Amino acid sequence: VITRPEMEIGRYHWMYRSSRPHRYHHVPALRGNISPLGIQGCFECCIKCLGGVPYASLVATILCFSGVALFCGCGHVALTGTVTILEQHFSTTASDHALLSEVIQLMQYVIYGIASFFFLYGIILLAEGFYTTSAVKELHGEFKTTACGRCISGMFVFLTYVLGVAWLGVFGFSAVPVFMFYNIWSTCEVIKSLQTNVTVPGDQICVDIRQYGIIPWNAVPGKACGPILENICNTNEFYMSYHLFIVACAGAGATVIALIHFLMILSSNWAYLKDASKMQAYQDIKAKEEQELQDIQSRSKEQLNSYT
């Protein structure tokens, strides 16, 4: 004869056993080089490693390194050539361009700092990309995202945004010397085209550097006209500086694109980490409820054994 307590316990077991969700247990990977089919597992291992590489962050890092390298390297050499051109052709007195020389030297030191900072910052952002990729790939494993990791990701988003705005200004500033050298080069081309025209002498066509504000108005000679200006355009310093400033401007533009790319990646990663933290909280609550259910079942079994 089945007593009433035994019927209640049986009904309780039937209800909770049917309502428990199915649990998927993680199957551990086979150690060594043998796959489940008996084939060498080197290919599977390589695919697994390649699947954890943040390719978007890797492309942005390469683009950022390339842009910063072009801007810093070409900008440094172009500034040195610009000082040489000014000293030899537009400002023969050292005191007239002393302030400009100090500013250019300071800018060269700033270039050193920019190169060092972005080398470290690019590596940090690439490491953050690996961290977030691991967080997404191992969401259902033992990996746990922390509040500190989410705060660091949010800080990188803000810092990258600020750097992107700053590099927009750098990109605009790097276009100024390109514009100046282009004006000088176009003026030289006009002088060459007028050599066959006797009615318009080339000596009347001049370029006055003082109007750009880089040297004072009392600088001697301050301007170059006719054949003298044409000879300046034919020098190696002018040719190299002009093209290096163009490459430096292109490098600054590439850095801006890389930072925008980084900003999109970091924003996406931060959203992934936020969703991962919610999923972890849900799994913790679910595991706690399952543990409580197991405790209730064990107590019910003990009560059933005591009745029998």
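Since the structure is predicted, the reported quantities are computational estimates derived from the model, not experimental observations.

The rules behind the values
- Residues numbered from 1 in each chain as written.
- Predicted model: local features only at pLDDT ≥ 70, side-chain atom pairs only at ≥ 80, totals over all residues.
- Heavy atoms only, no water.
- UniProt positions renumbered as here; feature names shortened; annotations may be inferred.
- Helix = DSSP H or I, 4+ residues; strand = E, 2+ residues; numbered from the N terminus.
- Contact = heavy atoms within 4.5 Å.
- Polar contact = N/O pair within 3.5 Å; in protein donor to acceptor, adjacent residues only side chain to side chain.
- Core = buried A, V, L, I, M, F, W, Y, C linked by side-chain atoms within 4.5 Å.
- Buried < 20%, exposed > 50% of the residue type's maximum accessible area, 1.4 Å probe, protein only.
- Disulfide = S-S within 2.5 Å.

Asker: Requested: an account of the UniProt feature "transmembrane region" (unreviewed entry) in the chain, with residues and values cited.
Answerer: With numbering matched to this structure, UniProt assigns "transmembrane region" (unreviewed entry) to residues 58–86, 106–131, 152–176 and 244–266. Helix makes up 100% of residues 58–86 and strand 0%. Its end C-alpha atoms lie 42 Å apart. Spanning residues 106–131, this segment combines 100% helix with 0% strand, and its end C-alpha atoms are found 37 Å apart.

Asker: Which residues make up the environment of Thr255, and what values do they have?
Answerer: As for its placement among the helices and strands, Thr255 is situated in helix α7 (residues 236–307). In this structure Thr255 touches Cys64, Gly67, Val68 and Trp167, once residues within four positions along its chain are discounted. Engagement of the side chain of Thr255 in a polar contact is seen with the backbone oxygen of Gly251, the distance being 2.9 Å.

Asker: Please give an account of the nonpolar core that cites residues and values.
Answerer: Counting 50 residues, the largest nonpolar core has Phe90, Phe118, Trp167, Ile184, Ile209 and Leu229 as its most contacted members. Secondary structure elements with two or more residues in this core: α3 (55–90), α4 (98–137), α5 (147–193), α6 (226–233) and α7. With 13 residues, α7 is the single largest residue contributor to this core. Filtering out sequence-adjacent residues up to four positions away, Leu229 remains in contact with Ile184, Thr187, Cys188, Ile191, Cys206, Val207 and Ala224.

Asker: Before we move on, can you summarise the state of the cysteines with the specific residues and values?
Answerer: Simply put, the disulfide is a covalent bond whose two ends are the sulfur atoms of two cysteines. The full count for this structure, using the stated rule, is two disulfides. For Cys188, the disulfide goes to Cys233, at an S-S distance of 1.8 Å. The sign of the 60° torsion about the S-S bond sets the Cys188-Cys233 disulfide as right-handed. With a gap of 45 residues between them, Cys188 in helix α5 and Cys233 in helix α6 connect regions that are remote in the sequence. A disulfide bridge connects Cys206 with Cys225, and the sulfur atoms are separated by 1.7 Å. Of note, the bridge from Cys206 to Cys225 carries an S-S torsion of about 110° and is right-handed in sense. Here the residue Cys206 occupies a position in strand β1 (residues 206–208), and Cys225 occupies one in strand β2 (residues 223–225), the gap between them amounting to 19 residues.

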